[in-house]
Amino acid sequence: MKNQLPHFLQLGLAILVMCTSGVLGRYIQLPPPVTIWLRCVIGAVALFVFLRLMRIDMKIRTNSARKILLLSSILLGAHWVTYFYSLHLSNVAIGMLSLFTYPVITALLEPLILKTTLRKSSLALAVISFAGIALLVPELNFDNSYTLGIAIGIFSALCYSVRNILLKKQVSNTSGITLMFYQLLIISMLLWPAAFMYNISMAHIELNWKALLLLGLFTTATGHTLLVLSFKHFTISTVSILSALTPLFGTLLGYLFLDEVPTGKTLLGGSLIFVTVVAESILSVRRNR
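Below is a short write-up of the structure. Predicted model only: the values in this text are computed from it and were never measured. (Residues numbered from 1 in each chain as written. Predicted model: local features only at pLDDT ≥ 70, side-chain atom pairs only at ≥ 80, totals over all residues. Heavy atoms only, no water.)

### Some remarks on the pattern of salt bridges
For clarity, the cut-off: A pairing counts as a salt bridge when a side-chain nitrogen of Lys or Arg comes within 4 Å of a carboxyl oxygen of Asp or Glu. Strands are runs of DSSP state E lasting at least 2 residues, helices are runs of H or I lasting at least 4, and numbering of each runs from the N terminus. Relative accessibility thresholds used throughout: buried, under 20% of the residue-type maximum; exposed, over 50%; partly exposed, between the two (1.4 Å probe, protein chains only).
Considering all chains together, one arrives at two salt bridges under this definition. Ionic pairing is found between Arg26 and Glu260, a salt bridge with its closest N-O pair at 2.9 Å. Separated by 234 residues along the polypeptide, Arg26 in helix α2 (residues 20–27) and Glu260 in the loop between α13 (245–258) and α14 (264–288) bring together distant segments of the chain. Take Arg26: its relative accessible area is 25%, and that puts it in the partly exposed class. Looking at Glu260, the relative accessible area reads 16%, which means it is buried. Across the salt bridge formed by Arg61 and Asp57, the nearest N and O atoms sit 2.6 Å from each other.

### Quick notes on empty space enclosed by the protein
The probe, sized like a water molecule, is rolled over the atoms to show the empty space still left. What counts is decided by this rule: Using only the protein atoms, space was sampled on a 1 Å grid; points where a 1.4 Å probe fits but cannot get out form cavities, open sets with protein on both sides within 12 Å along at least five of seven lines form pockets, and lining residues are those with an atom within 4 Å of a point. Grid points are joined across faces, edges and corners, and a volume is the space filled by probe spheres set on the points. Polarity classes work like this: nonpolar for Ala, Val, Leu, Ile, Met, Phe, Trp, Tyr, Cys and Pro, charged for Asp, Glu, Lys and Arg, and polar for all others, with Gly in that last group.
Summed over the entire model, instances satisfying the criterion amount to one cavity of 30 Å³ or more. Here the largest cavity is characterised by a volume of approximately 130 Å³. Taken together, 16 residues make up the lining of the largest cavity; nearest its centre are Met18, Ser21, Leu99, Tyr160 and Thr246. Of all the secondary-structure elements, those providing two or more residues to the lining of the largest cavity are α1 (5–18), α4 (63–89), α5 (92–99) and α11 (202–230). Broken down by element, the lining of the largest cavity gets its largest block of residues, three residues, from α4. In the lining of the largest cavity, the residues fall into 10 nonpolar, five polar and one charged.

### Overview of the layout of surface pockets
Approximately 180 Å³ is the volume attributed to the largest pocket. Taken together, the elements giving at least two residues each to the lining of the largest pocket come down to α2, α11 and α13. When residues of the lining of the largest pocket are assigned to their parent elements, the largest contribution, four residues, is made by α2. Residues that form the lining of the largest pocket fall into these classes: nine nonpolar, one polar and no charged.

### Description of the packing of aromatic side chains
Rules: Note on aromatic contacts: the rings of Phe and Tyr and the six-membered ring of Trp form a pair at centre separations within 6.5 Å, being stacked when their planes are under 30 degrees apart, edge-to-face when over 60 apart, and tilted otherwise. A ring is scored as having a charge over it whenever the NZ atom of a lysine or the CZ atom of an arginine sits within 6 Å of its centre and within 35 degrees of its normal.
Evaluation of the coordinates by the stated rule reveals six aromatic pairs. With centroids separated by 5.7 Å and ring planes inclined at 35°, the aromatic side chains of Phe48 and Phe181 adopt a geometry described as tilted. With Phe48 in helix α3 (residues 32–54) and Phe181 in helix α9 (residues 176–191), this pair connects stretches of sequence that are 133 residues apart. The exposure class of Phe48 is partly exposed, given its relative accessible area of 37%. Plain terms: the ring middles of Phe181 and Tyr182 are 5.1 Å apart, the flat faces sit at 55° to each other, and that makes the pair tilted. Members of the aromatic cluster, each reached through a chain of ring pairs, are Phe48, Phe181 and Tyr182. When the ring centre of Trp80 is taken as reference, the NZ or CZ atom of Arg39 above it lies at 4.0 Å.

Here is the structure:
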């Protein structure tokens, strides 16, 4: 347990930092593709400077690794864009909680892709987490912006889950910081036409520059890099379910900074998710022993 404690603290810090994405995604008044493009540009520059200063190896040595890196970057970009659309259609609590169907998806896909053992306990806890998400759906009608936001959030969760599983194969051979830098660089190049498509002026960027810096430097360069580094020490299913703390912290930030008060159903769904976090934490510690 003592050997694992620093890794748990690292993962906990990553979760705490990443929970700022919801309130920043709602606060920034730019189209999601533009926001994500700027987010990735800022994050890529920050990580490049860090990699050069620390003289960390930036080589991706095999063609298979490059292909996986490209695919995982596309999936991460799709995840971020759809996640921010989900936030715009609903609110911080709904957007973040709908994203956290991804532990269910991960628990099902990780054994198939990485050839690991399917743990019944993780799957059962993930199903409970999904039941919490189900409580959020107001009605099965996509004319309802909240329902549409939840559906888009679930698609975002699928992209995020597959990206994490693919990256798990690479993180043991390449620095997690290097992998994150290249992903941000690739997404920046893929999304740069968004600035022209949406007719964004410097005035729009100036109104949001502080939040964009926080999103790029703090949430992205710091939080997501710490998360990728944790892949070396935990299964993706464990990381996924422990990360369910993110929407709970994010909902609190939404209340503090945006005056978004969660409903009773949202609190009940969040409570179910929190139960799965505590249970998976205990089971993870026992397995590591």
